[in-house]
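Given next are the chains, with one letter for each unit.
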Amino acid sequence: MRLALYTGLILVGGYTCLTPALAADPTGDWRVADGVANIRVAQCNGSMWGAVSWEKQPGGRDENNPDASKKTRPTLGMATLIDMKKKPGADQWEGQVYNAKDGQLYSATITPAGADQLEIKGCVMGFLCGGETWTRVGPPIPLSTANAMAKGAPKSTGAAPKAQGTMGATAAPAPAAAQKSATAPAKPGQKGAADPVGDICLLPDIAGFAH
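Residues numbered from 1 in each chain as written. Predicted model: local features only at pLDDT ≥ 70, side-chain atom pairs only at ≥ 80, totals over all residues. Heavy atoms only, no water.

Student: Would you explain the overall build of the protein chain in this entry?
Tutor: Summing up its helical and strand segments, the protein chain has 4 helices and 8 strands in all. Helices and strands appear in the protein chain in the N-to-C order β-β-β-β-β-β-β-β-α-α-α-α. The burial tally for the protein chain puts 47% of its 211 residues in the buried class. For the protein chain, long-range pairs separated by at least 24 residues make up 60% of all intrachain contacts whose partners lie at least 6 apart in sequence. Summed over its atoms, the accessible surface of the protein chain is roughly 9900 Å², and 59% of this surface lies on carbon and sulfur atoms. (Helix = DSSP H or I, 4+ residues; strand = E, 2+ residues; numbered from the N terminus. Buried < 20%, exposed > 50% of the residue type's maximum accessible area, 1.4 Å probe, protein only. Contact = heavy atoms within 4.5 Å. Areas by Shrake-Rupley, 256 points an atom, 1.4 Å probe, with all protein chains shown as cover.)

Student: Looking at this structure, how should I read the confidence of the model for the protein chain?
Tutor: Low-confidence regions, as indicated by low pLDDT, have predicted coordinates that should not be scrutinised in detail. Per-residue confidence for the protein chain averages 74 on the pLDDT scale, and 64% of its residues sit at or above 70. Mean pLDDT values over the elements of the protein chain span from 36, in helix 3 (residues 186–189), up to 97, in strand 1 (residues 28–31). Per-residue pLDDT stays below 50 along residues 1–22; that stretch engages in 71 contacts with residues further than four places along the chain or on separate chains. Every residue in residues 149–192 scores below 50 in pLDDT, and together they form 76 contacts with partners more than four places removed in sequence or on other chains. (pLDDT = per-residue confidence, 0-100.)

Student: When you look at the state of the cysteines in this model, what are you seeing that I'm missing?
Tutor: Any covalent bond linking the sulfur atoms of two cysteines counts as a disulfide. The tally for this structure, following the rule as stated, stands at 2 disulfides. Covalently, Cys44 is tied to Cys201 through a disulfide, its sulfur atoms 1.9 Å apart. Residues Cys44 and Cys201 are joined through a disulfide that is left-handed, its torsion about the S-S bond being -80 degrees. Of this pair, Cys44 sits in strand 2 (residues 37–44) while Cys201 sits in the loop between helix 3 and helix 4 (204–207), and the two are 157 residues apart along the sequence. Note on accessibility: Cys44 and Cys201 belong to one class, buried. Here Cys123 pairs with Cys129 through a disulfide, and the sulfurs are 1.9 Å apart. Of note, the bridge from Cys123 to Cys129 carries an S-S torsion of about 115 degrees and is right-handed in sense. Within the protein chain, bonded cysteines paired by disulfides and numbered along the sequence follow the pattern 1-4, 2-3. (Disulfide = S-S within 2.5 Å.)

Student: Help me out: how do you make sense of the environment of Ile141 in this one?
Tutor: With respect to the element layout, Ile141 can be found in the loop between strand 8 (127–136) and helix 1 (145–148). Each C-alpha atom, one on Ile141 and one on Ala42, is 6.4 Å from the other, the two residues being 99 residues apart in sequence.

Student: Just checking my understanding: could you explain the packing of aromatic side chains for this structure?
Tutor: Aromatic ring pairs are defined here through the distance separating the ring centres and the angle between the ring planes. Throughout the structure, instances matching the rule amount to 0 aromatic pairs. Against the face of Tyr98 rests Arg73, its NZ or CZ located 5.6 Å from the ring centre. (Phe/Tyr/Trp six-rings, centres within 6.5 Å; stacked < 30°, edge-to-face > 60°. Lys NZ or Arg CZ within 6 Å of the ring centre and 35° of its normal.)

Student: I tried to follow the sheet that holds strand 5 (residues 93–99) on my own but got confused; where do I start?
Tutor: Note on sheets: strands pair through backbone hydrogen bonds, and any given pair is parallel or antiparallel. Ordered by their spatial adjacency, 8 strands build a closed barrel running 1-2-3-4-5-6-7-8, and the pairing between neighbours is antiparallel. Here the average twist between neighbouring strands, direction ignored, is 30 degrees. Bridge count between strand 3 (residues 47–55) and strand 4 (residues 79–86): 3 bridges; the pairing is antiparallel. Within the sheet, the bridge partner assigned to Gly50 lies in strand 4 and is Leu81. (Pairing = 2+ DSSP bridges. Axes fitted to C-alpha atoms, helices over the stretch in contact; angles between N-to-C directions.)

Student: What am I meant to see in a nonpolar patch on the surface here?
Tutor: Residues Val124, Met125, Phe127 and Leu128 make up a contiguous nonpolar surface patch of about 460 Å² in total accessible area. Positionally, Met125 belongs in the loop between strand 7 (117–124) and strand 8. (Patch = residues over 30% accessible without salt bridge, like charges linked within 9 Å, V, L, I, M, F, W, Y side chains within 5 Å. Salt bridge = Lys/Arg side-chain N within 4 Å of Asp/Glu carboxyl O.)

Student: Which parts of the structure should I look at to understand the side chain of Thr27?
Tutor: Mapped onto the elements of the fold, Thr27 is located in the segment before strand 1. Looking at Thr27, its side chain comes within polar contact range of the main-chain nitrogen of Ile141, at 2.8 Å. (Polar contact = N/O pair within 3.5 Å; in protein donor to acceptor, adjacent residues only side chain to side chain.)

Student: It is not clear to me how unusual backbone geometry should be interpreted in this structure. Could you clarify?
Tutor: Trans peptide bonds make up most of the peptide bonds, and negative phi angles are found at most residues other than glycine. The backbone phi angle of Asn45 is positive, close to 55 degrees, even though this residue is not glycine. Among the secondary structure elements, Asn45 is positioned in the loop between strand 2 and strand 3. Even without being glycine, Asp83 reaches a positive phi, approximately 45 degrees. Structurally, Asp83 can be placed in strand 4.

Here you go:
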């Protein structure tokens, strides 16, 4: 499956009214640079994590993973941003990114660029660095009880939240325009506008802090 750094396409509208207070919030759903997927970013047990929340072509598998036991796992719901910690004094988080194109982990940073773009940079052994920009398609995700206590949490039941990119019962509903933008990508490759991923902090790889 062509996850790579799962790269994306700029969408217009829906988030230009976000306040400056949200400008440095990397949580929410993001369209990757080539438009093939959305990545949901949430704070789980003190770190930022990201997982595939939508695919343009559904049914992808992690076929390039060097671990034979993971080659058939779905790319939908797969962790891509791994245990990213905030850098002191900067609106930047650093950790690892999983590249499904070659099945490898790389050092990476994420940096919000305003309210509606997220810059992703990854490096191999401190050099050969590359990056891209993701565009917001889902609102920031309020910290929920599940997000704060994700480690050791039970496996997600797969229940769909009312609005894509909003986790748990404590999350505030997004404005109508934001909900429309967030749910629109679900139509091409999924049944209806249902969200098959839900709270990524409850996904087994993230809840168990393993990849």
